[in-house]
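The residues making up each chain are set out below.
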Amino acid sequence: MTRWPDPDALRRGTLAVLAVMIAWPLLVLAEFKPWHLFDAGNLAVMGGFLAGFLPPSTDPAFLALLGRATVETLAMATAGTALAWAIAVPFAFVMARTLSVSRIGPARFSLAGPVVRGFARGVMMVLRAIPEVVWALVIVRALGLGPAAGVLALAITYGGMLGKVYAEILESVDAGPARALLEAGSSRRMAFAYGLLPGAAPELVSYTVYRWECAVRASVVMGFVGAGGLGQLMDQSMKMLNGGEASMILATFLLLVLLADAFSAALRRVLA
Amino acid sequence: MTLRLSGVGVVHPGGRRALSAVDLAVAAGERVALIGPSGAGKTTLLRVAGASLRPTEGQVELLGAEPWQLGTGALRRLRARIGAVHQAPPLPPRQRVVTAVLAGRLGQWSVGKALWSLVHPADTAGAHEALDRLGLADRLFDRCDRLSGGQLQRVAVARVLYQRPDLLLADEPVSSLDPATSELLVSRLVAQSEASGAALVASLHAVDLALKWFPRVVGVRAGQVMFDRPAAEVTPALLQALYEGDVVAGAVLAGQPAVTAGAMCR
């Protein structure tokens, strides 16, 4: 025993033990046995499947189709993210506790703030709790096959995700400047624009671009349920067991993700 | 009266008492220095005076209104007439100096003007004039994170000068600055008070600055006003009693080298 025992040692140790106690049954339940991947038989099956992917298809007719589908996917992801952004911004603004005027003082006790914040949190939760594929399945029924359903499905789910994360980013940056502005009589909106946004902007932008990247991938999944784009093309190629086309589509994904990454890095450099 | 506190007491949520039975009245144009050992309650007193902390006991009268009886909009308009300088300048590092200074008048500007000012400064001349008084006019379009600590505090003071409040509050505005900058900042706050008739209440660690620039000095100890008298009547014995047991200031008063590490950490 040292003369100055660390008061945090017990808490940290307990947390570590708890984490293991929770994680272990979960791994058992999820049949987590990665070593099965490397059985000789399983390796051969997967190898055979992947071998069918080579060489990538370079058929001009297919490439034209691929180009069209890529543009469609990008359009779907971009429109969906833009709509999601429009949903998320007002909700995040309402939810961020850093902008609570009644916390200064505090002013007369009022239930309005907590109730409105709780309601906004609830809405965001419902929007993002239902996976975008499910929204897409529902909306395809109403709007018919095509990218429009994908855009709406993305907007709904991603609106919920963006709203929650925006609010958390706004609560994590230094609240001092915004609070000082509120104390000098500025409104919530202006305390947000002048006090919180400068500190939060890079985080907000980089998360939004990352979500756009996720939207590109998600729009592919939605393509499988008939929402157009690269996913629909992939679905067709896989059904026709055309591995060369499938690998070309995968290569396109890779390129898109690389582009998104470069775009995000460039934006962060501009804003830093 | 610009500010009248009667029987003000503050108990923090943890149960710690910060102020008890404080009476303080400050008239328009008056300049008052708050001095006292660290932890005496000076910051709490200033927050109560700035309507940013609601006292648990007693009455606050600010610029002819009782802030805690006002509705949201009226309280906001009242707060727009109070300018505060904080110990650590609350400026976003990524913001430009001009924007940080113009933010002083957000309480007075319309939403449209404030939003447009984010794109293109709405009153560059005004910001330039305020910064010029602090010798920082050449840094108008620099970003705040390019400035040193002392320069940042000068920007924060330029912001309150630009705000033109009716009550100026300063909480340890110069505690981590060099003597020349300290002198400059205090003199500019005093000049603003003289020119505009705004009352100025500042807490200061440097007793010499308090005695030099402020006609009235209030000693705060253990959450209570220990004395409240003209600067000329503040005697060494009084100061000794005020800072009794305070390691940092005790050393200063006794003419020994100051133990500045404690003051820097605060």
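What counts and what doesn't
- Residues numbered from 1 in each chain as written.
- Chains lettered and ligands numbered in written order.
- Predicted model: local features only at pLDDT ≥ 70, side-chain atom pairs only at ≥ 80, totals over all residues.
- Helix = DSSP H or I, 4+ residues; strand = E, 2+ residues; numbered from the N terminus.
- Rg over C-alpha atoms; globule rule 2.2 N^0.38 Å.
- Buried ≥ 20, exposed ≤ 12 C-beta atoms within 10 Å, placed from the backbone.
- Contact = placed C-beta atoms within 7 Å.
- pLDDT = per-residue confidence, 0-100.
- Pairing = 2+ DSSP bridges.
- Axes fitted to C-alpha atoms, helices over the stretch in contact; angles between N-to-C directions.

Which residues make up the overall build of chain B, and what values go with them?
The number of helices and strands found in chain B is 11 helices and 9 strands. For chain B, whose C-alpha radius of gyration is 19 Å, the value lies close to the compact-globule estimate of 18 Å for 266 residues. Principal axes of the C-alpha set define a box for chain B whose edges measure 55 × 45 × 35 Å. For chain B, with 266 residues in total, the buried portion stands at 47%. Across chain B, contacts joining residues at least 24 apart in sequence account for 67% of those joining residues at least 6 apart.

Just give me the short version of the environment of A:A136, but keep the residues and values in it.
All names here are of chain A. For A136, the location among the structural elements is in helix α5 (residues 132–143). With 14 residues separating them in the primary sequence, A136 and G150 have C-alpha atoms 5.7 Å apart. Other than its neighbours up to four places away in sequence, A136 contacts A149, G150, A153, M222, V225 and A227.

Could you give me a rundown of the interface of chain A and chain B, with the residues and numbers involved?
Counting residues at the interface gives 21 residues for chain A, matched by 27 residues for chain B. Mapped by element, the contributors of at least two residues to the side of chain A that touches chain B are α7 (176–183) and α8 (188–224) of chain A.

I'd love a proper account of the confidence of the model for chain B, names of residues and values included.
All names here are of chain B. Summary statistics for chain B give a mean pLDDT of 89 and a share of 92% for residues scoring 70 or more. Across chain B, element-level confidence peaks in strand β7 (residues 199–203) with a mean pLDDT of 96 and bottoms out in helix α11 (residues 260–265) with 38. In this model, residues 255–266 is a region of pLDDT below 50 whose contacts with residues beyond four sequence positions or in other chains number 15 contacts. The complex model carries a pTM of 0.78, and its ipTM stands at 0.86.

Could you give me a rundown of the sheet that holds β7(B), with the residues and numbers involved?
Residue and element names in this part refer to chain B. With mixed pairing, the 6 strands of this open sheet are ordered in space as β5-β6-β7-β3-β8-β9. In this open sheet, the two strands that pair with only one neighbour each are β5 (82–85) and β9 (224–230). For this sheet, the mean angle separating the axes of adjacent strands, direction not counted, is 15°. Pairing geometry for strand β8 (residues 216–221) and β9, over 6 bridges, is antiparallel. Looking at the pairing, V217 lines up with R229 of β9. Contacting β5 and β6 (167–171), helix α6 (residues 149–163) runs over the sheet at an angle of about 170° to β5.

Any details on the sheet that holds strand β1 (residues 3–11) of chain B? Residues and values, ideally.
Residues and elements named next belong to chain B. Here 3 strands make up an open sheet; going across it, the order is β2-β1-β4 and the pairing antiparallel. Strands with a single pairing partner mark the edges of an open sheet, and in this sheet they are β2 (17–26) and β4 (57–62). Averaged over all adjacent pairs, the angle separating strand axes in this sheet is 20°, with direction ignored. The pairing of β1 with β2 spans 6 bridges and is classified as antiparallel. Its bridge partner lying in β2, R4 is registered against A25.

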